[in-house]
Amino acid sequence: VAVSDNGGVDQLPFYCFQPKSDLPFNPNFSLWGSFNEKHLEKFKSVVPYFDQLKTCIQVPVIEINKFIKSADFPVLDLLQVDAEGWDVRLLQVLDIEYWQPGIIRFEHIHASKNDLFKLIEKFNQLNYQTFSIGMDTVVVNNRFRRFFKLLTMVKVIHPSWLLPAKGITKLI
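The notes below deal with the structure included here. (Residues numbered from 1 in each chain as written. Predicted model: local features only at pLDDT ≥ 70, side-chain atom pairs only at ≥ 80, totals over all residues. Heavy atoms only, no water.)

Taken as a whole, this structure holds zero disulfides when the rule is applied. We note that Cys16 lacks a disulfide partner, and the nearest cysteine sulfur, in Cys56, lies 7.9 Å from it. A relative accessible area of 7% means that Cys16 is categorised as buried. Classification of Cys56 by relative accessible area gives partly exposed; the value is 38%. (Disulfide = S-S within 2.5 Å. Buried < 20%, exposed > 50% of the residue type's maximum accessible area, 1.4 Å probe, protein only.)

A separate point is the sheet that holds strand E7 (residues 128-133). Strand order in this open sheet of four strands is E5-E6-E8-E7, and the pairing throughout is mixed. In this open sheet, the two strands that pair with only one neighbour each are strand E5 (78-81) and E7. Between one strand and the next, the sheet's axes are offset by a mean angle of 15°, whatever the strand orientation. Sheet topology note: the E7/strand E8 (residues 136-141) ladder contains six bridges and is antiparallel. Counterpart to Ile133 in the pairing with E8 is Asp136. Contacting strand E6 (103-107), E7 and E8, helix H5 (residues 113-125) runs over the sheet at an angle of about 140° to E7. (Pairing = 2+ DSSP bridges. Helix = DSSP H or I, 4+ residues; strand = E, 2+ residues; numbered from the N terminus. Axes fitted to C-alpha atoms, helices over the stretch in contact; angles between N-to-C directions. Contact = heavy atoms within 4.5 Å.)

Let us look at the pairing of strand E2 (residues 11-17). Alignment of E2 against strand E4 (residues 54-63), held across seven bridges, turns out to be antiparallel. Within E4, the position partnered with Pro13 by the bridge is Gln58. The pairing of E2 with strand E3 (residues 33-34) spans two bridges and is classified as antiparallel. Residue pairing in the sheet places Tyr15 in a bridge with Ser34 of E3.

A few words on helix H2 (residues 64-71). Residues lying three or four places apart along an α-helix face the same way, a consequence of the helix completing one turn every 3.6 residues. Every buried residue of H2 is listed here: Ile64, Asn65 and Ile68. Down the axis of H2, the buried side of the element spans an arc of 100°, and every buried residue falls inside it. What points out from H2, more than 90 degrees from its buried face, is the exposed set Lys66, Lys69 and Ser70. The inward-facing, buried residues of H2 contact strand E1 (2-4), E4, helix H3 (87-93) and helix H4 (96-99). Between the side-chain oxygen of the N-cap and the backbone nitrogen of Asn65 there are 2.9 Å, and the N-cap of H2 in question is Glu63. With its phi angle positive at about 55°, Asp72 sits one or two positions after the end of H2. (Arc of directions from axis to C-beta. Polar contact = N/O pair within 3.5 Å; in protein donor to acceptor, adjacent residues only side chain to side chain.)

What follows deals with a nonpolar patch on the surface. On the surface, a cluster of nonpolar side chains totalling about 250 Å² of accessible area is made up of Val1, Val3 and Phe67. By the element assignment, Phe67 lies in helix H2. (Patch = residues over 30% accessible without salt bridge, like charges linked within 9 Å, V, L, I, M, F, W, Y side chains within 5 Å. Areas by Shrake-Rupley, 256 points an atom, 1.4 Å probe, with all protein chains shown as cover. Salt bridge = Lys/Arg side-chain N within 4 Å of Asp/Glu carboxyl O.)

Right, here's the structure in full:
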């Protein structure tokens, strides 16, 4: 199942590797897949018969809040999002006030700064703290903060984004 930010799409193409009876296949190849066909290109040099083993399957799509509701979790302590650049869009429509996840971890590297900062502001207004760790952002509800005292040392989002770009010597 694929998770979306709206209910407008029933299916999405998913690109992956599947064994063919007449070709050698390493089971590890089945670990690699993407909704973006170009993402598979990075495996071209390590997957023999790349073009023959690559396939596309249609995957059903469900809106993120409906998906979480269908799982019938009594509590949502941890939400890990890795959605190939759609992370921020999914979290923008997530009903955070309803689900009140304790910890959210998502990849921010593909997000626009504007969208990311708007999302962080939303989290701040809902009593969450945000931490940047490499390519990821970790969002911690204040009720979980005692478990993350170490993260307070890493604090806040991308200080380098607040600096002028290389080559700029003064701000207007």
